[in-house]
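Reading the structure
So the chains spell out like this:
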Amino acid sequence: MADKTRRRDESNLTFSHLFLVFIVISFTLPQLISSKCVLFNFGDSNSDAGGLSAGLGFYLGPPSGRSFFHRTTGRFSDGRLYIDFICEGLKINYMSHYLESSGSNFTHGVNFAVAGAATVDAGTPFSLPVQVLQFLHFKNKTRELRPQGLGSLITEEEFGNAIYSFDIGQNDISFELTDNATYTRVLEGIPAIISRIKDAILSIMKNGGKKFWIYNTGPLGCLPKMLAIWQTQHSKLDSIGCLEDYNNVAMAFNAHISQLCNDLSDEYKNATFVCVDIYTIKYDLFANHTKYGFEQPLMACCGHGGPPYNFKAMMTCGQPTATACPLGERFISWDGLHYTEAANEIIAAKILSNEYSKPPISLVELCQ
């Protein structure tokens, strides 16, 4: 009889313990959901996950997308972009593009980046100021639909705690460099580019943004397209074969970006500004390519012409005259201008660390 009573008491204790655990979990789950990471991204083709395709109906055909998605996705790569790997690292969905009408999921933010975008209208109608206006429209529409249980359901608190990332400026510089502008004129135009980036950031701040993740630009002089088209007999190449002038312009731009981050941090103490040195991350791939398993660092995987750069105008990746390297071969450049999935994975891993961030804050920490 005593044994039966003890077993019954133990059973009741077990049930009470499980019930208590259930209550604790029930009250904990909403906190986990409310602390999710939300990301809004502004930029160009480096982080465009389908914006140009959705916005202008641009068809980016095979072999793009062959390595991971096994279909075309509007990404200028054979697979995932660095921003896709970042989403994986943050454990959030791949970002849907603002312009995509079908199958979008804006639970964890929105991607506004569009290939060809610059800080001014050039090439596409989706310049940085337009992307910011799109964000403001998205936020207002979300506020309108939220009471009805419709839309993204991103709350005001989540908009305030979201990360706003900017990866833009490369096209502004490239357009000037390829428009036969003098080296001096290109340098003189950099402050205006920086001013427009600052205006975009301040506009987001005025609308509640507090966390900003700002990329500098990569080594333009190491891109196969630049080397194949703009290299002349008078061009100076650095020790690894990249165009010195192009990289010097990129580094000058980056010095201004660094100063912008410092100035914003000094002026706005209630916000966080993290500047990410993507130039060093990408240049390291070219300079130490064997460490990462890349054999021909300055040659495009997909293109025409073969070594040394496998790039020829009007015969670019996706055209019938272009061919792609065999699956499994590791290249840094996909099409002469953009990076392969293999390179993007390494780039994203370094971005997710705090080694290349100033101040040394990681994206995961910033999400919290």
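The present account deals with the structure reproduced in this document. Here the structure is a predicted model, which means the values were calculated and not measured.

Description of the state of the cysteines
This structure, assessed with the given rule, holds four disulfides. The disulfide partner of Cys222 is Cys242, and the S-S distance across this bridge is 2.1 Å. Measuring the twist about the S-S bond at about 105 degrees, one finds the Cys222-Cys242 disulfide to be right-handed. Placement of the pair is Cys222 in the loop between strand S4 (211-215) and helix H8 (224-230) and Cys242 in the loop between H8 and helix H9 (244-267), with a sequence separation of 20 residues. Classification of Cys222 as buried rests on a relative accessible area of 0%.

A short note on the layout of surface pockets
The volume enclosed by the largest pocket comes to roughly 790 Å³. In terms of lining residues, the largest pocket is bounded by 30 residues, among which Phe76, Lys225, Asp335, Leu337 and His338 are the most central. Sorting the residues of the lining of the largest pocket by element identifies helix H6 (170-177) and H8 as the ones contributing at least two each. The leading source of residues in the lining of the largest pocket is H6, at four residues. Looking at the lining of the largest pocket residue by residue, the classes come out as 14 nonpolar, 14 polar and two charged.

Some points on the packing of helix H4 (residues 128-145) against helix H7 (residues 183-206)
Two numbers describe how H4 lies on H7: the axes approach to 10 Å, and their chain directions differ by 5 degrees. One way to sum up the angle between H4 and H7 is to call them roughly parallel. On H7, the residues touching Leu128, Val132, Phe135 and Leu136 of H4 are Arg196, Ile197, Ala200, Ser203 and Ile204. Taken together, the residues of the contact of H4 with H7 sort by class into seven nonpolar, one polar and one charged.

Some remarks on the nonpolar core
If you look at the biggest cluster of nonpolar residues, it comprises 88 residues, and the most contacted ones within it are Phe40, Tyr164, Ile201 and Ile351. Of all the elements, H7 adds the most residues to this core, at 10 residues. Not counting residues within four places of it along the chain, the set of residues in contact with Ile351 comprises Tyr82, Ile86, Trp213, Tyr215, Val276, Ile278, Ile281, Ser357 and Leu363. Within the second largest apolar cluster, seven residues are counted, among which are Cys301, Cys317, Cys325 and Trp334.

Some remarks on the pairing of strand S1 (residues 39-43)
Most of S1 sits inside the fold, with five of its five residues counted as buried. Residues of S1 alternate between two faces, with Leu39, Asn41 and Gly43 on one and Phe40 and Phe42 on the opposite face, all of them buried. Two elements, S1 and strand S2 (residues 109-111), share three bridges in a ladder whose sense is parallel. Pairing of Phe40 across the sheet is with Val110, part of S2.

Section: the side chain of Lys350
Following the sequence through the fold, Lys350 ends up in helix H11 (residues 341-352). When near neighbours in sequence (up to four residues on either side) are disregarded, Lys350 contacts Ile281, Asp284, Tyr292 and Tyr356.

A closer look at the sheet that holds strand S3 (residues 163-167)
Read from one edge to the other, the open sheet built from six strands follows the order S2-S1-S3-S4-S5-S8, with strand pairing classed as mixed. The sheet is open, and its two edges are formed by S2 and strand S8 (357-358), each paired on a single side. Bridge count for strand S5 (residues 272-276) against S8 is two bridges, and the pairing is antiparallel. Bridging from a neighbouring strand, Val276 pairs with Ser357 of S8. Packed onto the sheet, H9 meets S4, S5 and S8 and runs at close to 165 degrees relative to S5.

So, the environment of Leu260
Topologically, Leu260 is positioned in helix H9. Along the chain, Leu260 and Ile197 lie 63 residues apart, while their C-alpha atoms are 9.2 Å from each other. Setting aside its immediate chain neighbours within four residues, Leu260 contacts Ile194, Ile197, Lys198 and Ile201.

Let's talk about the packing of helix H3 (residues 82-90) against H11
Remark: H3 packs on H11, axes separated minimally by 8 Å, with the N-to-C direction vectors making an angle of 50 degrees. The orientation of H3 relative to H11 falls into the category oblique. Crossing geometry of H3 relative to H11 is assigned as right-handed. In contact with Tyr82, Phe85, Ile86, Gly89 and Leu90 of H3, H11 contributes Glu341, Asn344, Glu345, Ile347, Ala348, Ile351 and Leu352. Here the residues of the contact of H3 with H11 sort into eight nonpolar, two polar and two charged.

Quick word on H7
Relative to the 34 Å expected for 24 residues at 1.5 Å per residue, H7 spans 36 Å between its end C-alpha atoms, a close match to the ideal helical length. Along its length, H7 reaches its greatest deviation from straightness, about 25 degrees, at Ile190, and the proline Pro191 lies no more than four positions downstream.

Concerning H6
Counting buried residues along H6, six of its eight residues qualify, which places the element largely inside the surrounding structure. Of all the positions in H6, only Gln170, Asn171, Asp172, Ile173, Ser174 and Leu177 are classed as buried. On its buried face, H6 is in contact with H7, H8 and H9.

Some words on unusual backbone geometry
Pro63 follows Pro62 through a cis peptide bond whose omega is 10 degrees. Inspection of the secondary structure assignment puts Pro63 in the loop between helix H2 (51-56) and H3. Cis geometry is adopted by the peptide bond preceding Pro359, which originates at Lys358 and carries an omega value of -5 degrees. Relative to the helices and strands, Pro359 resides in the loop between S8 and helix H12 (363-367). Positive phi, close to 65 degrees, is recorded for Leu153, a residue that is not glycine.

The rules behind these values
Counting of residues starts from 1 at the beginning of each chain's written sequence and follows it residue by residue. Where totals are concerned, whole chains, interfaces and linings use all residues; where local detail is concerned, this predicted model gives features only for residues with pLDDT of at least 70, and gives and counts side-chain atom pairs only at 80 or more. Hydrogens are left out, water is left out, and the side-chain values use all remaining heavy atoms of the structure. Throughout, disulfides are identified as pairs of cysteine sulfur atoms within 2.5 Å of each other. Counting from the N terminus, the helices are the DSSP runs of H or I reaching at least four residues and the strands are the DSSP runs of E reaching at least two. Exposed residues in this analysis have more than 50% of their type's maximum accessible area, buried residues have under 20%, and partly exposed residues fall in between, with area computed by a 1.4 Å probe over protein chains only. Only protein atoms enter the 1 Å grid used here. Points where a 1.4 Å probe fits but cannot escape make up a cavity, open sets with protein on both sides within 12 Å along at least five of seven lines make up a pocket, and a residue lines them when an atom lies within 4 Å of a point. Grid points are joined across faces, edges and corners, and a volume is the space filled by probe spheres set on the points. Throughout this entry, Asp, Glu, Lys and Arg are counted as charged residues, while Ala, Val, Leu, Ile, Met, Phe, Trp, Tyr, Cys and Pro are counted as nonpolar. The remaining residues, Gly among them, count as polar. Axes here refer to lines fitted to C-alpha atoms; in helices the fit is confined to the stretch in contact. Angles between the N-to-C directions go from 0 to 180 degrees. If an angle is under 35 degrees, it is roughly parallel; if it is over 145, roughly antiparallel; if it lies from 65 to 115, roughly perpendicular; otherwise it is oblique. Any pair of residues with heavy atoms lying within 4.5 Å of one another is described as a contacting pair. By nonpolar core we mean a set of buried residues, namely Ala, Val, Leu, Ile, Met, Phe, Trp, Tyr and Cys, connected to one another through side-chain atoms within 4.5 Å. Pairs of strands are assigned from DSSP output, requiring at least two bridges between the strands. Crossing handedness is defined as follows: a turn of the near helix away from the far one that is anticlockwise and smaller than a right angle gives a left-handed crossing, while the clockwise case is right-handed. The span one expects for a helix is its residue count, reduced by one, times 1.5 Å. Two axes define the bend at a residue: one fitted to the seven residues ending there, one fitted to the seven starting there, and the bend is the angle between them.

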